[in-house]
Amino acid sequence: MRKMNRDSDTPELAADGARRSAGVLITGAGGEVGHGLIKALHARGHRQIVALDLRELPAEMRSCCREVFVGDICDAALLGRMMARYEITEVYHLAALLSTRSEFVPETAHNVNVDGTIHLLRLAHEQARSHGHTVKFIYPSSVAAYGLPDLETKQQAGAVHEDQHLRPTTMYGCNKLSCEHLGRYYARHYRQLAQDAVEGLLDFRCVRYPGLISSETLPSGGTSDFGPEMVHAAAAGRAYQCFVRPDTRIPFMMMPKAIEATLQLAAAPAGQLTRCVYNISSFSASAGEIAELVREHFPDAEIEFVPDVQRQQIVDSWPADVDCSQAQRDWGFEPGAGMREAFGETLIPAIRARYGGAGASVMV
Ligand code: AKB
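Here is what the cut-offs are and how they apply
Residues numbered from 1 in each chain as written. Predicted model: local features only at pLDDT ≥ 70, side-chain atom pairs only at ≥ 80, totals over all residues. Heavy atoms only, no water. Helix = DSSP H or I, 4+ residues; strand = E, 2+ residues; numbered from the N terminus. Rg over C-alpha atoms; globule rule 2.2 N^0.38 Å. Buried < 20%, exposed > 50% of the residue type's maximum accessible area, 1.4 Å probe, protein only. Contact = heavy atoms within 4.5 Å. Areas by Shrake-Rupley, 256 points an atom, 1.4 Å probe, with all protein chains shown as cover. Lys, Arg positive; Asp, Glu negative; His and termini not counted. Charge placed at Lys NZ, Arg CZ, Asp CG, Glu CD. 1 Å grid on protein atoms, 1.4 Å probe; cavity = no way out; pocket = protein on both sides within 12 Å on 5 of 7 lines; lining within 4 Å. Points joined across faces, edges and corners; volume = space filled by probe spheres on them. Nonpolar A, V, L, I, M, F, W, Y, C, P; charged D, E, K, R; others polar. Domains from an automatic or database assignment. Near = heavy atom within 4 Å. Polar contact = N/O pair within 3.5 Å; in protein donor to acceptor, adjacent residues only side chain to side chain. Sits in = over half its atoms within 2 Å of the grid points. Axes fitted to C-alpha atoms, helices over the stretch in contact; angles between N-to-C directions. Parallel < 35°, antiparallel > 145°, perpendicular 65-115°, else oblique. Left-handed = near helix turned anticlockwise from the far one by under 90°. Pairing = 2+ DSSP bridges. Phe/Tyr/Trp six-rings, centres within 6.5 Å; stacked < 30°, edge-to-face > 60°. Lys NZ or Arg CZ within 6 Å of the ring centre and 35° of its normal.

## What about the overall build of the protein?
Scanning the protein from terminus to terminus reveals 13 helices and 16 strands. Relative to the globule expectation of 21 Å for 364 residues, the C-alpha radius of gyration of the protein, 21 Å, shows essentially globular dimensions. Dimensions of the protein, computed from C-alpha atoms along their principal axes, come out at roughly 65 × 45 × 40 Å. Here the protein, with 364 residues, has 53% of them falling under the buried criterion. Restricting the contact set of the protein to residue pairs at least 6 apart, pairs at least 24 apart contribute 78%. Carbon and sulfur atoms make up 51% of the accessible area of the protein, which totals about 15400 Å². Taking the average place of the 36 positive charges on the side chains of the protein and the average place of its 44 negative ones, the gap between the two points comes to 5 Å.

## A closer look at empty space enclosed by the protein
Here the structure, examined in full by the defined rule, presents 1 cavity of 30 Å³ or more. Size it by volume and the largest cavity reaches roughly 30 Å³. Lining the largest cavity are Tyr 92, Leu 94, Ile 138, Tyr 139, Pro 140, Val 207, Tyr 209 and Thr 262. Looking at the lining of the largest cavity, the elements with two or more residues in it are strand S6 (135-142) and strand S9 (202-209). With 3 residues, the single largest contributor to the lining of the largest cavity is S6.

## Structural notes on the layout of surface pockets
By volume, the largest pocket is sized at about 1100 Å³. Together, 46 residues line the largest pocket, and Gly 31, Glu 32, Ala 96, Leu 98 and Ser 220 are the ones closest to its centre. Sorting the residues of the lining of the largest pocket by element identifies helix H1 (32-43), strand S3 (49-53), helix H2 (59-62), helix H4 (99-102), S6, helix H7 (171-188) and strand S10 (211-213) as the ones contributing at least two each. No other element matches H1, which puts 4 residues into the lining of the largest pocket. In terms of residue class, the lining of the largest pocket is made up of 22 nonpolar, 15 polar and 9 charged. Counting residues domain by domain, the lining of the largest pocket receives three or more from each of domain 1 (21-210 + 258-279) and domain 2 (212-253 + 283-321 + 338-363).

## What about the site of the ligand?
The environment of the ligand is formed by Leu 98, Ser 99, Ser 142, Tyr 172, Gly 222, Thr 223, Ser 224 and Trp 318. At 2.8 Å from an oxygen atom of the ligand is found a main-chain nitrogen or oxygen belonging to Thr 223. Within the side chain of Ser 224, a nitrogen or oxygen atom sits 2.8 Å from an oxygen atom of the ligand. When isolated, the ligand has an accessible area of 250 Å², and the protein chains bury 92% of it. Cavity membership is defined here by more than half of the atoms lying within 2 Å of grid points; on that basis the ligand lies in the largest pocket. Two domains share the shell around the ligand, each providing at least three of its residues, namely domain 1 (21-210 + 258-279) and domain 2 (212-253 + 283-321 + 338-363).

## A short note on the packing of helix H8 (residues 226-236) against helix H10 (residues 287-297)
In contact at an axis separation of 10 Å, H8 and H10 are set at 20 degrees when each is read in the N-to-C sense. In this view, H8 runs roughly parallel relative to H10, as classed from their interaxial angle. Of the two elements, H8 crosses H10, and the hand of that crossing is right-handed. Residues Phe 226, Gly 227, Met 230, Val 231 and Ala 234 of H8 form the contact with H10, whose own contacting residues are Ala 287, Ile 290, Ala 291 and Val 294. Split into classes, the residues belonging to the contact of H8 with H10 amount to 8 nonpolar, 1 polar and no charged.

## Focus: the sheet that holds strand S14 (residues 283-286)
As a general point, the strands of a sheet are linked pairwise by backbone hydrogen bonds and lie either parallel or antiparallel. Taken in spatial order, the 3 strands make up an open sheet running S10-S12-S14, and their pairing is mixed. If you trace the sheet from one side to the other, it starts and ends with S10 and S14, each paired once. Neighbour-to-neighbour, the strand axes of the sheet open up by a mean angle of 45 degrees, direction not taken into account. Here 4 bridges tie strand S12 (residues 249-254) to S14, and the two strands are oriented antiparallel to one another. From the neighbouring strand, Phe 252 faces S14, where its bridge partner is Phe 283. Across the face of the sheet, helix H9 (residues 255-267) comes into contact with S10 and S12 while running at roughly 75 degrees to S12.

## Quick look at the packing of aromatic side chains
By the definition in use, this model includes 11 aromatic pairs. Ring geometry for Tyr 186 versus Tyr 190: centroids 4.5 Å apart, planes at 20 degrees, classification stacked. Ring pairs connect the aromatic residues Phe 226, Phe 243, Phe 252 and Phe 283, which therefore count as one cluster. The positively charged end of Arg 208 is found above the aromatic ring belonging to Tyr 146, 4.8 Å away from the centroid. Over the ring of Phe 243 we find Arg 311, and its NZ or CZ is 3.6 Å from the ring centre.

Okay, here's the thing in structure tokens:
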């Protein structure tokens, strides 16, 4: 297998002879993470964002992108049209069916979450061969990749390390864990016996997101979404039935912090990274603790705990906390503010602004 030589691997011209524009591809661009990532990249001066989503993006996000493609990541013709126009140098592959939704259509979830990812990994390889530069592939895995067998093991395990308890109990978790391994394979072993195999085409990097809480977007089909759902309901003055028990505990982080950490990993020098997959999180919280904090800020909030047995089983299989020491050591990840500070300083003010101060009365 030969190493990629930037001199000999000169970039090809586009079909019409014109040089293609450089592009940073974001799939699932219209999702919660996509929304935050596009805004953050644009704020950092990125003007070559190529967005892909099943649905058209809102105007304010379209204005941050060089171009928006509407379609399916499994659509080879669509990806081909995109590649004819852009030299993709970085991929943020966010498109996925989340954990709850995936349990109703597991085979569809596999098709989107895994086959779709393989399409993108292969595209990244072809792009690197075409323009002669390594393509950085940033992939969001999830705490759903873990699977603790029972509550006693979960409590004893505490903050789990990246290589512990990797026995996911959801299709989404299986998909995420599978894509972690596929990313490593495409980056280090792809077609390793072929005569024309080339090393160094792909630089695959992955963070395992905890539950994410965004003030700017509504949660969409995640089993960790009891956290953000509770906050948005209180701010909007709506009663909320929490689908897990009050003692249910998982790791969380605010969306801006998750985006910041993702970009920090993307920017880290490759030589500093000792692994492809990293835990990140800001704090571990129970549904009851979140409810307590929500009521401090929205005293009239109506929060009732009505566990959904099946969804409860899923969240009970996820760790109470994750060990982020590898990310801290390799690329300087900082967990950031704890829950009380994160709520008080960023989340609550932003979410009040979103709902115009509506909903439950103001306090603190
Ligand atoms: C979900 O709840 O499915 C996701 C996740 C934990 O990755 N937010």
